[in-house]
Amino acid sequence: MSPGDLLSRYIQDMTLATDAAAASFAALTHKLDYLDEADIRRVREAYRFADEAHLGQFRASGEPYITHPIAVAGLCAEWKLDAQAIMAALMHDAMEDCGVTKVELIERFGVPTAELVDGLTKLDKLQFSTKEESQAESFRKMLLAMARDVRVILIKLADRLHNMRTMAAMAAHKRARIARETLEIYVPIAHRLGLNQTYRELQELSFQYINPWRYGVLAKAVKKTRGNRRDLVERIRKEVQDAFHAADMDVEVYGREKTVYSIYHKMVEKNLTFAQVSDIFGFRIVTHELLDCYTALGVLHQLYKPLPGRFKDYIAISKANGYQSLHTTLVNPVGTAVEFQIRSQAMHAVAEKGIAAHWMYKENEQPGEVSPQQGAVWLQSLIDIQHETRDSAEFLEHLKIDLFPESVYVLTPKSRIVALPKGATPVDFAYAIHSGVGDRCVSAKVNGEPVPLRSQLHSGDVVEIITAPSARPNPGWLNFVRTGRARSKIRSYLKAMEAEESLELGEKLLAQALRAEGLTLPPGDDESPGAEGALWQSLVRWGGNRTQRELLIDIGLGRKIAPMVAKRLAQLMAESGERPDALTLTLGRFAAAEAPTQGSVVIDGTEGATVRLAPCCTPIPGDPIAGYLGRGEGLVVHTQRCGVGRRLFERDSERWIDVSWAEEPTRPFETVLAVTVTNGKGVLAQVASAISSAETDITHIEMGDERLGQTAELKLTVAVRDREHLADVLRALRRCAVVIRAERVCP
């Protein structure tokens with residue numbers, strides 16, 4: 001039988017089994033024995049409501065649609081969720097597919113149940129520009145509902161699990177698309193919430209649909225290996241059980257087998273063949289109490305020899321999703337490695353059911369073991385990201401970044417443990433501590449040593465963040481941060497700063513353009529009482545904006561042309577009886593035509609995101625400059641000789657405004673030098689020494705491909721105060737014996 005046939009048969013068998021289990025409400029009642037009679041009556045009422053709502057609807061396989069909600073409710077009942085969650089599971093498609101309103105659900109079943117159903121409902125009724133945008137907004141709504149009430153995602157995962165089990169009747173391309181979405185979003189969420197049983201099954205089903213041939217081949221190989229190793233597995237199990245019996249310890253010993261997907265992932269990740277994957281099977285030891293875990297570890301280490309470096313204590317430092325176990329790899333009697341996982345019964349419940357274990361064991365909860373707060377930190381981070389991120393696609397991007405299953409555990413100087421995704425940096429750590437610490441971060445120390453902010457952290461590192469009151473987030477941090485929280489906080493701060501700077505620039509540009517009309521900017525804003533407020537309201541409506549602030553920001557970002565807005569404002573002021581002032585008109589025209597140095601925009605080095613120096617010509621103080629108001633880019637400053645700037649002027653002359661340098665700039669400015677040198681030992685050191693003698697710094701170096709020839713071409717980015725300082729640097733370079741030619745790069 002081919003792998004494809006194997007998959008089809010597996011899907012068919014799974015479908016039949018699921019159908020039989022979900023044929024009617026009777027299949028659900030025996031799972032609800034943990035609820036009282038009143039709750040069961042409410043669940044039955046929800047079933048009748050859902051059955052009526054879905055009457056006449058059928059699944060792609062031809063079954064009545066109600067079989068799906070019953071199966072989802074059954075999965076939720078296995079997690080011992082409360083009556084409200086079971087009711088929501090039964091009605092989870094009622095709003096989306098049957099036209100039932102939230103108000104109707106509130107009237108019949110109460111607010112909590114209606115909120116759960118609403119959190120599960122997609123946003124298909126709204127209009128989105130693309131399918132991707134619609135999908136992103138649906139995830140956003142569901143995940144924010146999840147952050148407020150984790151039952152939303154538990155029901156959603158049960159819904160996705162049943163859909164994945166019963167996709168046989170769908171077209172192959174639809175199965176593959178749904179499987180990829182499951183692997184990308186729902187599998188990591190299940191892992192983050194500690195739902196390992198669900199996580200593994202969703203992972204396995206996704207792999208079957210995405211790569212059916214590979215799955216079939218590997219499944220066949222695993223089955224064959226299982227048969228070959230049956231005797232060895234039984235021998236190890238018996239020896240382990242005898243060892244614990246001799247130590248007078250009551251434990252449960254389970255054999256466990258890697259899933260096909262995890263074997264495939266390991267083969268790809270470590271470039272192994274199937275024969276080279278040694279830990280296909282392992283064992284799990286479940287004890288009664290926490291301390292018994294460490295005793296059991298001693299028993300195993302006396303029985304078999306442990307492999308050095310293969311012991312992990314996830315009890316002392318649990319994983320971010322609450323998982324706790326001891327992991328040790330031992331050498332079995334025939335010389336191959338076998339992994340053992342040791343955990344208490346409470347830890348086992350959390351390991352398999354994750355956050356759902358709270359409902360299963362809340363009556364028997366022990367301090368420090370099963371906690372309703374498992375995953376709460378990550379759920380809260382969804383709310384934090386939502387406050388900073390209004391764009392749905394950006395929210396989903398942050399979510400995907402934050403779903404990395406592997407974590408590193410680092411410590412604060414006061415020994416507080418912080419879990420971060422693998423590859424996280426000191427900036428991620430700073431934002432994990434507090435957004436204020438991240439915003440003011442300037443440098444970091446790891447284990448007492450200064451490190452770059454882009455350095456990757458490792459488990460056990462002690463991280464100290466150095467802050468400064470005047471510091472603010474650097475846009476370059478977005479290139480290396482790994483957590484969604486850090487990324488959203490940085491972007492939010494930069495957007496807020498950009499808005500404030502654009503507002504200030506827009507006000508300056510409008511005032512300057514209005515002076516050319518012989519008028520001064522009217523006081524007040526669109527919320528002012530009387531004629532002043534009415535004037536601004538008329539201008540805002542004309543511009544298609546909601547507020548005066550928004551209009552000025554658009555001018556500062558180049559989305560609207562200041563002279564055009566000024567002409568409209570002058571017209572409105574004329575209608576209200578205000579006339580141009582002759583002196584203001586004369587001064588405005590004189591400043592615009594004769595004295596560009598009197599322009600309203602002065603460059604001194606303190607500019608932020610809305611005023612940028614063009615990278616094509618890297619202007620420095622002393623260069624004749626002009627400002628181009630790009631559409632949505634703010635003000636870009638070019639040298640007047642820049643070829644790129646000239647082409648923009650020919651195409652868009654009305655977007656150019658006068659800018660000037662401040663008399664005393666506040667910082668050095670970067671420019672690029674092309675330096676041809678004689679190739680040889682120590683050349684770079686001599687060039688660096690010459691530049692240093694001119695009191696400047698090299699910020700970047702590029703070398704051409706001809707480094708093995710007699711000459712080499714260097715491109716040096718240096719920071720200079722002005723053109724005079726640049727001339728000093730070039731003279732110092734030209735005096736250097738190894739330098740053949742040195743000049744500034746101009747486009």
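These numbers were taken from a predicted model, which means no experiment stands behind them. (Residues numbered from 1 in each chain as written. Predicted model: local features only at pLDDT ≥ 70, side-chain atom pairs only at ≥ 80, totals over all residues. Heavy atoms only, no water.)

Draft legend 1. Focus on the overall build of the protein chain. Each helix and strand in the protein chain was counted, giving 30 helices and 21 strands. Here the protein chain has roughly 36800 Å² of accessible surface; of this, 51% comes from carbon and sulfur atoms. (Helix = DSSP H or I, 4+ residues; strand = E, 2+ residues; numbered from the N terminus. Areas by Shrake-Rupley, 256 points an atom, 1.4 Å probe, with all protein chains shown as cover.)

Draft legend 2. Main features of the sheet that holds strand β9 (residues 441–446). Across the sheet, 3 strands lie side by side as β10-β9-β11; this open sheet has antiparallel pairing. The open sheet terminates on both sides in strands that have one partner only, identified here as β10 (449–451) and β11 (463–467). Averaged over neighbouring strand pairs, the angle between their axes works out to 35° when direction is ignored. Against the sheet, helix α21 (residues 426–433) engages β9, β10 and β11, with an angle of about 80° to β11. (Pairing = 2+ DSSP bridges. Axes fitted to C-alpha atoms, helices over the stretch in contact; angles between N-to-C directions. Contact = heavy atoms within 4.5 Å.)

Draft legend 3. Quick look at the nonpolar core. Of all hydrophobic cores here, the largest spans 59 residues; its most connected members are L32, V43, M91 and L105. A499, L503, L509 and V540 belong to the second-largest nonpolar core, a separate cluster that totals 58 residues. (Core = buried A, V, L, I, M, F, W, Y, C linked by side-chain atoms within 4.5 Å. Buried < 20%, exposed > 50% of the residue type's maximum accessible area, 1.4 Å probe, protein only.)

Draft legend 4. Quick peek at the packing of aromatic side chains. As enumerated under the stated definition, the model contains 8 aromatic pairs in all. When the ring of F49 is compared with that of F109, the centres are 5.4 Å apart and the planes differ by 80°; the resulting orientation is edge-to-face. Of this pair, F49 sits in helix α3 (residues 37–53) while F109 sits in helix α7 (residues 102–109); the two residues are 60 residues apart in sequence, bridging distant segments of the chain. Taken as a pair, F49 and F109 share a single burial class, namely buried. Three or more aromatic residues link up through ring pairs in this structure, and these residues are F207, Y215, Y261 and Y264. A cation over an aromatic ring shows up here: R667 above the ring of F669, its NZ or CZ 4.4 Å from the ring centre. (Phe/Tyr/Trp six-rings, centres within 6.5 Å; stacked < 30°, edge-to-face > 60°. Lys NZ or Arg CZ within 6 Å of the ring centre and 35° of its normal.)

Draft legend 5. Here's a closer look at unusual backbone geometry. One non-glycine residue, N447, adopts positive backbone phi at about 55°. On the secondary structure map, N447 appears in the loop between β9 and β10. One non-glycine residue, E695, lies in the positive phi region at around 60°. Topologically, E695 is positioned in the loop between α29 (683–693) and β19 (697–703).

Draft legend 6. Highlighting the environment of E257. On the secondary structure map, E257 appears in strand β1 (residues 252–257). E257 gets classed as partly exposed once you look at its relative accessible area, which sits at 34%. Along the chain, E257 and F283 lie 26 residues apart, while their C-alpha atoms are 8.3 Å from each other. With sequence-adjacent residues up to four places away left out, E257 is seen in contact with V222, R226, I280 and F281.

Draft legend 7. Structural view of the packing of α3 against helix α5 (residues 83–90). Between α3 and α5, whose axes approach to 9 Å, the crossing angle comes to 10°. Regarding the angle of α3 to α5, the classification is roughly parallel. The segment α3 lies against α5, with D39, R42, V43, A46, Y47 and A50 engaging A83, Q84, I86, M87 and L90. The residue inventory of the contact of α3 with α5, partitioned by class, reads 8 nonpolar, 1 polar and 2 charged. (Parallel < 35°, antiparallel > 145°, perpendicular 65-115°, else oblique. Nonpolar A, V, L, I, M, F, W, Y, C, P; charged D, E, K, R; others polar.)

Draft legend 8. Broad picture of the pattern of salt bridges. What the rule picks out here adds up to 16 salt bridges. As a salt-bridge pair, K238 and D242 come within 3.1 Å of each other at their nearest N and O atoms. With K238 and D242 both in helix α14 (residues 230–246) and 4 residues apart, this pair spans about one turn of that helix. With relative accessibility at 52%, the residue K238 sits in the exposed group. Of the residues examined, D242 reaches a relative accessible area of 42% and is grouped as partly exposed. (Salt bridge = Lys/Arg side-chain N within 4 Å of Asp/Glu carboxyl O.)

Draft legend 9. A look at the environment of A511. Mapped onto the secondary structure, A511 falls in helix α23 (residues 484–515). Judged by relative accessible area, which is 18%, A511 ranks as buried. C-alpha separation for the pair A511 and P563, spaced 52 residues apart in sequence, amounts to 9.6 Å.

Draft legend 10. Summary view of the pairing of strand β2 (residues 281–287). Across the 7 residues that make up β2, a large majority, 7, are buried. Of the two faces of β2, the one lined by F281, F283, I285 and T287 and the one lined by G282, R284 and V286 are each fully buried. Relative to strand β6 (residues 337–344), β2 runs parallel, the two being bridged by 5 bridges. Bridging from a neighbouring strand, R284 pairs with Q341 of β6.

Draft legend 11. Examining a nonpolar patch on the surface more closely. The grouping of L684, I701 and M703 at the surface amounts to a nonpolar patch, some 240 Å² of accessible area in total. By secondary structure assignment, the location of M703 is in strand β19. Overall, M703 belongs to the partly exposed group, its relative accessible area being 39%. (Patch = residues over 30% accessible without salt bridge, like charges linked within 9 Å, V, L, I, M, F, W, Y side chains within 5 Å.)

Draft legend 12. Molecular detail of the pairing of strand β18 (residues 669–678). By the criterion of burial, β18 is predominantly enclosed, with 7 of the 10 residues buried. Where β18 meets strand β20 (residues 711–720), 10 bridges bridge the pair, whose relative direction is antiparallel. Within β20, the position partnered with E670 by the bridge is A719. Relative to strand β21 (residues 739–744), β18 is paired through 5 bridges, and the arrangement is antiparallel. Looking at β21, one finds that A674 is bridged to E743.

Spatial relationships are all this shows, so hold off on functional conclusions.
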